Amino acid sequence: QSGGIVLHGRCFGVFEKNRIVNNARANVGLKGTANPLFDGNTVSGGSGYGIWIQDGSTGMFQNNVIEHNAFANVAVSDNAQPVLEQNVIIDGLQMGLLLRHN
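Heads up: these notes are all about the structure in this document.

Rules used throughout
Residues numbered from 1 in each chain as written. Predicted model: local features only at pLDDT ≥ 70, side-chain atom pairs only at ≥ 80, totals over all residues. Heavy atoms only, no water. Helix = DSSP H or I, 4+ residues; strand = E, 2+ residues; numbered from the N terminus. Rg over C-alpha atoms; globule rule 2.2 N^0.38 Å. Buried < 20%, exposed > 50% of the residue type's maximum accessible area, 1.4 Å probe, protein only. 1 Å grid on protein atoms, 1.4 Å probe; cavity = no way out; pocket = protein on both sides within 12 Å on 5 of 7 lines; lining within 4 Å. Points joined across faces, edges and corners; volume = space filled by probe spheres on them. Nonpolar A, V, L, I, M, F, W, Y, C, P; charged D, E, K, R; others polar. Phe/Tyr/Trp six-rings, centres within 6.5 Å; stacked < 30°, edge-to-face > 60°.

## Considering the overall build of the protein chain
Okay, step 1: A tally of regular secondary structure across the protein chain gives zero helices and 13 strands.
Okay, step 2: Element order for the protein chain, N to C, with α for helix and β for strand: β-β-β-β-β-β-β-β-β-β-β-β-β.
Okay, step 3: Whereas a compact globule of 102 residues would reach a radius of gyration of roughly 13 Å, the protein chain reaches 12 Å, a difference of no more than 12%.
Okay, step 4: In terms of principal-axis extent, the alpha carbons of the protein chain reach across some 30 × 30 × 30 Å.
Okay, step 5: Every one of the 102 residues in the protein chain was classed for burial, and the buried ones make up 41%.

Given below as structure tokens:
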């Protein structure tokens with residue numbers, strides 16, 4: 001397995017009430033102006049980041065449970081500007097939230 005849901009470039013979409021679990025890389029990855037809505041999902045057990053938002057991506061993440069991922073549960077890097085509201089971010093194996101500029 002590789003990443004669970006990966007959006008590159010000008011991608012949009014609505015992802016609601018899914019279980020995105022046990023992927024070999026990021027369970028959810030956004031890169032390069034991706035702008036989806038993730039609402040009410042469980043993001044858990046990934047071997048990498050739970051959610052990795054990078055390279056100018058935005059997106060709205062609300063009412064999700066993000067837990068038990070090997071790296072940060074949520075990583076934001078490289079000028080990404082997501083909105084995170086009313087999520088439960090718990091039990092990350094390294095950290096809950098990582099904000100990084102490369």
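Back to the text.
## Quick look at the layout of surface pockets
Okay, step 1: Here the largest pocket defines a volume of roughly 200 Å³.
Okay, step 2: Lining the largest pocket are Gly3, Val6, Leu7, His8, Arg25, Ala26, Gly29, Leu30, Lys31, Tyr49, Trp52 and Gln54.
Okay, step 3: Listing elements by their share of the lining of the largest pocket, those giving two or more residues are β1 (5–8), β4 (28–31) and β7 (51–54).
Okay, step 4: Counted by class, the lining of the largest pocket contains six nonpolar, four polar and two charged residues.

## Examining the packing of aromatic side chains
Okay, step 1: Counted according to the given criterion, the structure contains four aromatic pairs.
Okay, step 2: Aromatic side chains Phe15 and Phe38 sit 4.6 Å apart centroid to centroid with 15° between the ring planes, which places their arrangement in the stacked category. With Phe15 in strand β2 (residues 14–16) and Phe38 in strand β5 (residues 37–39), the pair connects residues that are 23 residues apart, well separated along the chain.
Okay, step 3: Relative accessible area serves as the criterion here: at 1%, Phe38 is assigned to the buried category.

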